[in-house]
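Residue strings, one per chain:
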Amino acid sequence: MKLKDMNSLLAHEVKDLLNAEKQLTKALPKMAKAARDPELKKAFEEHLAETKEHVSRLESICGELGIGARGEKCEAMEGLIKEGSELIEAEDSDPAVRDAALIAAAQRVEHYEMAGYGAARSFAEQLGLDSVVKTLQQTLDEEGNANKLLTKIAKSTVNPKATTGTEQPASKR
């Protein structure tokens, strides 16, 4: 990777985000399947559709910037997804506690994405790329909303269930 100017830095950030979003499109169905709370399951399923739209937007931005739409491997997202996968595979977990852990893992992902989109938007602003700024801001807003929804689900249902231990792992029933 060669960062010779702000244009190349923006291109790097967009490609990193593109790969991160593509990785997430593979992880979200697994997270939705693992979630026991119906509202959490629905949130993951809806965010999958939104994430596919994020991929499409990033591919459009690549076209606008005249760069290839092949993302650079995002090691950070790979690590975040790996951590989330380990939570899904944890044996004898209380389902409500696992849901709380899934929310925490998903929020780490959302915060990573918000940082990336915020940086890319700032680079595009500096370069005077108004349409790219608008597209990145739209996605940044959606990532922020997803994070807020996860917090709402955690506070309203998942964390209270996890705290009271109202659900037991299948092997303890």
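Residues numbered from 1 in each chain as written. Predicted model: local features only at pLDDT ≥ 70, side-chain atom pairs only at ≥ 80, totals over all residues. Heavy atoms only, no water.

S.K.: How should the overall build of the chain be read in this particular structure?
M.R.: For the chain, the helix and strand inventory stands at five helices and zero strands. Written out in order from the N terminus, the α and β elements of the chain read α-α-α-α-α. Sorting the 173 residues of the chain into buried and exposed places 45% on the buried side. A fraction of 80% describes how many contacts in the chain between residues 6 or more apart in sequence connect residues 24 or more apart. Total accessible area computed for the chain in this model is approximately 9,100 Å², and 52% of it derives from carbon and sulfur atoms. Computed over 25 positive and 30 negative side-chain charges, the inter-centroid distance for the chain is 3 Å. (Helix = DSSP H or I, 4+ residues; strand = E, 2+ residues; numbered from the N terminus. Buried < 20%, exposed > 50% of the residue type's maximum accessible area, 1.4 Å probe, protein only. Contact = heavy atoms within 4.5 Å. Areas by Shrake-Rupley, 256 points an atom, 1.4 Å probe, with all protein chains shown as cover. Lys, Arg positive; Asp, Glu negative; His and termini not counted. Charge placed at Lys NZ, Arg CZ, Asp CG, Glu CD.)

S.K.: I tried to follow helix α5 (residues 130-164) on my own but got confused; where do I start?
M.R.: What sets the pattern is the α-helix's 3.6 residues per turn: residues three or four places apart point alike. Across its 35 residues, α5 extends 50 Å between first and last C-alpha, which sits within 8% of the 51 Å expected from 1.5 Å per residue. When the local axis directions of α5 are compared, the greatest deviation, roughly 50°, occurs at A154. (Expected span 1.5 Å × (residues − 1). Bend = angle between axes of the 7 residues up to and from the residue.)

S.K.: Is there a simple way to think about the layout of surface pockets in this case?
M.R.: Gaps between atoms show up when a probe of the same size as a water molecule is rolled over them. What the largest pocket holds in volume is close to 280 Å³. Classifying every residue of the lining of the largest pocket gives 15 nonpolar, four polar and five charged. (1 Å grid on protein atoms, 1.4 Å probe; cavity = no way out; pocket = protein on both sides within 12 Å on 5 of 7 lines; lining within 4 Å. Points joined across faces, edges and corners; volume = space filled by probe spheres on them. Nonpolar A, V, L, I, M, F, W, Y, C, P; charged D, E, K, R; others polar.)

S.K.: What is the right way to look at the environment of Y117 in this model?
M.R.: Locating Y117 in the fold gives a position in helix α4 (residues 95-126). Separated by 16 residues in the primary sequence, Y117 and V133 place their C-alpha atoms 9.6 Å from one another. Here Y117 is in contact with L17, E21, H54, L58, L136, T139, L140 and E143, once residues within four sequence places are set aside.

S.K.: When you look at the confidence of the model for the chain in this model, what are you seeing that I'm missing?
M.R.: Per-residue pLDDT for the chain averages 92, and the proportion of residues at 70 or more is 94%. Confidence over residues 167-173 falls short of pLDDT 50; this stretch has 15 contacts with residues more than four positions distant or in other chains. (pLDDT = per-residue confidence, 0-100.)

S.K.: Looking at this structure, how should I read the environment of C62?
M.R.: Examined against the element boundaries, C62 turns out to sit in helix α2 (residues 38-65). As a C-alpha pair, C62 and D92 span 30 residues in sequence and 44 Å in three-dimensional space. Apart from residues no more than four positions distant in its own chain, C62 is found in contact with V14, L18, I67, G68 and A69.

S.K.: I would appreciate a short explanation of the packing of α4 against α5 in the present structure.
M.R.: Each pair of packed helices can be described by the angle between their axes along with the distance between the axes. Two elements in contact, α4 and α5, have axes separated by 9 Å at closest approach and are oriented at 160°. What the angle tells us is that α4 and α5 run roughly antiparallel. Here α4 runs over α5; the crossing is left-handed. (Axes fitted to C-alpha atoms, helices over the stretch in contact; angles between N-to-C directions. Parallel < 35°, antiparallel > 145°, perpendicular 65-115°, else oblique. Left-handed = near helix turned anticlockwise from the far one by under 90°.)

S.K.: Is there a simple way to explain the state of the cysteines in this structure?
M.R.: When the sulfur atoms of two cysteines share a covalent bond, that bond is a disulfide. This structure, assessed with the given rule, holds zero disulfides. Free of any disulfide, C62 has its nearest cysteine sulfur in C74, 14 Å distant. With a relative accessible area of 1%, C74 lands in the buried category. (Disulfide = S-S within 2.5 Å.)

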